[in-house]
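If you want the building blocks of each chain, they are given just below.
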Amino acid sequence: MTHVGIIGAGIGGLYLALYLQQQGVSVTLHADRTPDELRQSRLPNTATYWSAMRQRERQLGVNHWDEQAADWSVRHLHLRIGPEPEPLRFHVELDEAGLTVDHRLYASRLLEDFADRGGEVVYGPVRPESLEPLSEEYDLVVVSAGRGGLTDLFPRREGAANFTQPQRFLCSGIYRGIELPPPVGTYLSFVPGGELFHVPVITFDGNRSVLFFEIVPGGELDALLNVRYEEDPRKFDRTVLQLLEKAFPETRALVDDASFGVNRPQDILQGAITPTARRGYAQLPNGKWVMALGDVHVVNDPLLAQGANAASACAFLLGEAIVADDLAFDEMWCRRTEAALWAYAQNPFDWTNYMLRDPLPANVARLMAAATQDQRVADEFGNNFATPERNWNILASPERTDAYLSRLADEDRAR
Ligand SMILES: Cc1cc2nc3c(=O)[nH]c(=O)nc-3n(C[C@H](O)[C@H](O)[C@H](O)COP(=O)(O)OP(=O)(O)OC[C@H]3O[C@@H](n4cnc5c(N)ncnc54)[C@H](O)[C@@H]3O)c2cc1C
């Protein structure tokens, strides 16, 4: 019987482990932290899960937050493009709400689900030199250790739209003392020098807000770049308020000055990501092949909220490939399976990298302007966060965007 070893209990590793468990495949999950340790760790991301991922969640029976999400989820997307007070604006009520749950709450619960259902978990970080012995123990080893874990094994992918340095400085946190005006959803603002997401998030303390700044280095928002929360929390909170005042006054107006601040000291992350696609399989010195999953395979800048969604989609594709053909996890199997994963992951990667340009490419700006006038364009763009290949299909070139918009105009004329 096939036995799969998975390294890393983030979104990719957990979704694959739960999927294989459901399919009756034997799995061992190597998690670097216990659920309690995870709960006590620093905020690692502030990911929104779109409808396609929420369907996978239901398929796995881990949709524990549906009730809370009824009134605190990303049901609506409110977009603002350009400087306030008069940005372009459009609004989308999503066909199905996206969900943002503090990752530490989410991942610790899914890890407990896997163990409670009889799954084997080995706690402790896997070192690079342990991969070879593990590959002798399992029929297949999957490395899903995130963007900082064991990535060196997998070479950068030739021909992919890779960057060599981060395009944004990221500063995301969970805050108290800020309202989210109805209809509840995510407010996404594009301004010169970066972006701000204001997101409803379910946390250990109930409903809170994420404020997530994407900052172009050297741009107009980079006052936050050199202020580390750990060094001076008050100065940090003050700088956030100053930045809101300067670039996002509508969001600033939602703040209650007396109670505003980072929710808990561990509820903040500051860093940067270099968007990188890697070849998703590698051979160890003993001749065994290992597969990469999630951020180890393709790491996106979080601008368009795609990494976790892609990791879960690819976990299912990888799980299906393991179930469909377990004759030998050899080079051919890895190459074929990785091609299926890349066919999915390339779209959010390319779409995100295109939208990271500052200023936004002209055809993206044209589409956004059209969305302010035509709700069909707005609805398509907003709902396609769950199906990124569709947005990339429309935005990959000016010709595609123009053809899409003229098709809608033709439809109108034909009415
Ligand atoms: C600020 C921010 C906002 C984001 N927003 C979104 C969003 O809105 N939507 C979205 O889809 N994505 C978003 N992302 C991206 C998303 O968080 C990642 O793409 C996703 O978590 C990747 O899943 P993963 O399983 O590959 O890695 P991770 O979730 O990082 O999990 C990897 C796990 O492996 C563990 N590990 C590491 N090394 C080892 C080792 N040696 N041995 C054992 N375990 C190890 C880690 O501790 C971790 O638990 C965001 C990211 C950031 C930083």
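Residues numbered from 1 in each chain as written. Predicted model: local features only at pLDDT ≥ 70, side-chain atom pairs only at ≥ 80, totals over all residues. Heavy atoms only, no water.

## So, the packing of aromatic side chains
Thinking step 1. Tallied over the full model, the rule gives 17 aromatic pairs.
Thinking step 2. For the pair Y15 and F316, a centre-to-centre distance of 6.4 Å together with 50 degrees between the ring planes defines the contact as tilted. In this pair, Y15 is assigned in helix α1 (residues 11-22) and F316 in helix α9 (residues 307-324), connecting sequence segments 301 residues apart.
Thinking step 3. With a centroid separation of 5.9 Å and an interplanar angle of 50 degrees, the aromatic rings of Y281 and W289 are classed as tilted. Accessibility assignment for this pair places Y281 and W289 in one class, buried.
Thinking step 4. An aromatic cluster is present here, built from W50, F90, W351, F381 and F385 joined pairwise through their rings.
Thinking step 5. For R279, the ring lying beneath its charged end belongs to Y281, and the centroid distance is 4.4 Å. (Phe/Tyr/Trp six-rings, centres within 6.5 Å; stacked < 30°, edge-to-face > 60°. Helix = DSSP H or I, 4+ residues; strand = E, 2+ residues; numbered from the N terminus. Buried < 20%, exposed > 50% of the residue type's maximum accessible area, 1.4 Å probe, protein only. Lys NZ or Arg CZ within 6 Å of the ring centre and 35° of its normal.)

## Some details on the pattern of salt bridges
Thinking step 1. In total, this model carries 27 salt bridges according to the counting rule given.
Thinking step 2. Residue R33 is joined to D32 by a salt bridge in which the shortest nitrogen-to-oxygen separation is 3.5 Å.
Thinking step 3. Taking relative accessible area as the criterion, R33 reaches 33% and is therefore assigned partly exposed.
Thinking step 4. Taking the relative accessible area as the measure of exposure, D32 reaches 45% and is therefore partly exposed.
Thinking step 5. A salt bridge links E338 to R157, with the shortest nitrogen-to-oxygen separation between them at 2.5 Å. Here E338, found in helix α10 (residues 331-355), pairs with R157, found in the loop between β7 (140-143) and β8 (169-176); they are 181 residues apart in sequence, far enough to count as distant. Comparing E338 with R157 shows no difference in burial state: the two are buried.
Thinking step 6. Taken together, the salt bridges that share partners define one network made up of D374, R376, E411, D412 and R415. (Salt bridge = Lys/Arg side-chain N within 4 Å of Asp/Glu carboxyl O.)

## Concerning the domain arrangement of the protein
Thinking step 1. Each domain of the protein was delimited in the assignment, giving domain 1 (3-65 + 102-163 + 275-355), domain 2 (169-272) and domain 3 (362-414).
Thinking step 2. For domain 1 and domain 3, the distance between their C-alpha centroids amounts to 32 Å.
Thinking step 3. Listed as interface residues are 12 residues of domain 1 and, on the opposing side, 12 residues of domain 3.
Thinking step 4. Interface area, domain 1 with domain 3, both sides summed: about 1100 Å², of which 74% is carbon and sulfur.
Thinking step 5. Interface area lost by domain 1 to domain 3 is led by N347, W351 and Y354, which between them contribute 51%.
Thinking step 6. Joining domain 1 to domain 3, the criterion identifies two residue pairs in polar contact (both at pLDDT 80 or more).
Thinking step 7. Listed by contribution, the elements that provide at least two residues to the side of domain 1 that touches domain 3 are α3 (51-60) and α10.
Thinking step 8. With seven residues, α10 is the single largest residue contributor to the side of domain 1 that touches domain 3. (Domains from an automatic or database assignment. Contact = heavy atoms within 4.5 Å. Buried area = accessible area lost by both parts, 1.4 Å probe. Polar contact = N/O pair within 3.5 Å; in protein donor to acceptor, adjacent residues only side chain to side chain.)

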